[in-house]
Amino acid sequence: MANNGLTVAVLGPGGVGGLLAALLSRAGHRVICLAGDETARALAANGIEVRSGRFGDFTARVSADTELREPADVCLIAVKATALDAALERLPAKALGEEGLIVPLLNGVEHPAPLRERYRPEQVAPAVIRVESTRITPGVIEHGSPFAEVDLTADTAPRARIEAFAGTLEWAGVRARVQDSETATLWAKMSFLAPFALLTTRYGVPVGDVRTLHREELAALVEETAAVGRACGASVDAAAALARYDAFPAATRSSMQRDAEAGRTLELDAIGGALLRAAERTGVPAPVTSRLVRELTPTAETGT
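Predicted model, so just to flag it, every value in this text is computed and none were measured.

A. Region of the structure containing the pattern of salt bridges. Going through the model one piece at a time under the given rule, you end up with 22 salt bridges. Between Glu217 and Arg291 there is a salt bridge whose closest N-O contact spans 2.4 Å. Linking Glu217 in helix H9 (residues 215-231) with Arg291 in helix H13 (residues 287-302), this pair joins segments that are 74 residues apart in sequence. On the accessibility criterion, Glu217 (14% relative accessible area) is buried. Measuring nitrogen to oxygen at the nearest pair gives 2.8 Å for the salt bridge that ties Arg264 to Asp259. What emerges from the salt-bridge pattern is a single network uniting Arg130, Glu149, Asp151, Arg175 and Arg177.

Printed below as a string of structure tokens:
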């Protein structure tokens, strides 16, 4: 694919999807953002404005609609796990076509299976992204991290096409790699994400405070998550995961924390719940996760 002109659909042009949509558009690809009426109108009229120290400040023109109505080479799914079922109504399998790749960038480890039931397995190529990017208003994206990195997988999708799309992302400025194992890739993200999301949200502090004020709890949760990942077949290095916390900018907040502060629905089940279900299946004790999920459940249920 490289930088040959692609048609890329982006389901969920929020902080992550909006950033990727703008970068791909700036690189010369046709981008169709799929969203609700209000957001689709704003994007069609004004494009996507990006504010980024890494990529610069720019505005990219995109197409926008409430539903995919034509074939796309690639569809990035960048909605929250809590909104996935409803959002997929905007992505009819018939409109996507038999050759379109679906690249979900969701948090958690359980979403690939239902996507492969809804679409053809060879179309689904789960990926993970490491980035801090926030939608300020529809069409205005603030990218705060000094990086944007995507790990793609090709367990059921054609590897050559996934490698080509990795080249497309690289051309657009996003560091992209194709990993050998979907399970290992998803659990590598989970081993960092679950402690990050649960602890920043539980205590309402950024990662810098978590790694200093709650260091013992962080280390225990990282070990717990890594043990579950290993039991699920992934080679997860707890020490490496913990080291990543020390390298992160101290002011970084998780998306779950921002959702809690804004009174939005939390991805608690997709992250903490999925971790507990995997722990139960594999017989791995997860007392720290269990306590944090229990303490966060009232917030997840009320949105406050």
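B. Quick peek at the sheet that holds strand E2 (residues 30-34). Pairing is parallel in the open sheet, where five strands are placed in the order E5-E2-E1-E6-E7. The sheet terminates laterally at strand E5 (63-65) and strand E7 (101-104), the two strands that pair on one side only. Neighbour to neighbour, the strand axes of the sheet diverge by 20 degrees on average, direction disregarded. Relative to E2, strand E1 (residues 7-11) runs parallel, the two sharing five bridges.

C. Broad picture of the nonpolar core. By size, the foremost hydrophobic cluster in this structure holds 44 residues, and its most contacted members are Trp187, Met190, Tyr245 and Leu268. If you list the elements that add at least two residues to this core, you get helix H7 (182-203), helix H8 (207-213), H9, helix H10 (238-247), helix H11 (255-262), helix H12 (268-282) and H13. Residues in contact with Leu268, not counting those within four places in the same chain, are Leu198, Met256, Gly273, Val293, Leu296, Thr297 and Ala300. Core analysis: the second largest hydrophobic core is formed by 41 residues, Leu20, Leu105, Ile129 and Ala148 among them.

D. The packing of H7 against H9, seen in detail. For the pair H7 and H9, interaxial distance at closest approach is 9 Å and the crossing angle is 145 degrees. Viewed along their axes, H7 and H9 form a crossing whose handedness is right-handed. Along the contact surface, H7 presents Trp187, Met190, Ser191, Ala194, Pro195, Leu198, Leu199 and Tyr203, while H9 presents Glu217, Leu218, Leu221, Val222, Thr225, Val228 and Gly229. Partitioned by chemical class, the residues of the contact of H7 with H9 number 11 nonpolar, three polar and one charged.

E. Fine view of H11. Taken together, the buried positions of H11 are occupied by Met256, Gln257, Arg258, Asp259 and Ala260. Gly263 occupies a position one or two residues after H11 and carries a positive phi of about 75 degrees.

F. Layout of the packing of aromatic side chains. What the rule picks out here adds up to five aromatic pairs. Both rings, one in Phe147 and one in Phe248, keep their centres 5.6 Å apart while their planes meet at 65 degrees; by these two values the pair is edge-to-face. Of this pair, Phe147 sits in the loop between strand E10 (140-143) and strand E11 (149-153) while Phe248 sits in the loop between H10 and H11, and the two are 101 residues apart along the sequence. Accessibility assignment for this pair places Phe147 and Phe248 in one class, buried. Through a chain of ring-to-ring contacts, the aromatic side chains of Phe147, Phe192, Phe196, Tyr245 and Phe248 assemble into a single cluster.

G. Representation of the pairing of strand E12 (residues 175-179). Residues Ala176 and Val178 point to one face of E12 and are all buried, whereas Arg175, Arg177 and Gln179, pointing to the other face, are not buried. Direction of pairing for E11 relative to E12: parallel, over a ladder of five bridges. Across the sheet, Asp151 pairs through a bridge with Arg177, a residue of E12.

Thresholds, definitions, all that
- Residues numbered from 1 in each chain as written.
- Predicted model: local features only at pLDDT ≥ 70, side-chain atom pairs only at ≥ 80, totals over all residues.
- Heavy atoms only, no water.
- Salt bridge = Lys/Arg side-chain N within 4 Å of Asp/Glu carboxyl O.
- Helix = DSSP H or I, 4+ residues; strand = E, 2+ residues; numbered from the N terminus.
- Buried < 20%, exposed > 50% of the residue type's maximum accessible area, 1.4 Å probe, protein only.
- Pairing = 2+ DSSP bridges.
- Axes fitted to C-alpha atoms, helices over the stretch in contact; angles between N-to-C directions.
- Core = buried A, V, L, I, M, F, W, Y, C linked by side-chain atoms within 4.5 Å.
- Contact = heavy atoms within 4.5 Å.
- Left-handed = near helix turned anticlockwise from the far one by under 90°.
- Nonpolar A, V, L, I, M, F, W, Y, C, P; charged D, E, K, R; others polar.
- Phe/Tyr/Trp six-rings, centres within 6.5 Å; stacked < 30°, edge-to-face > 60°.

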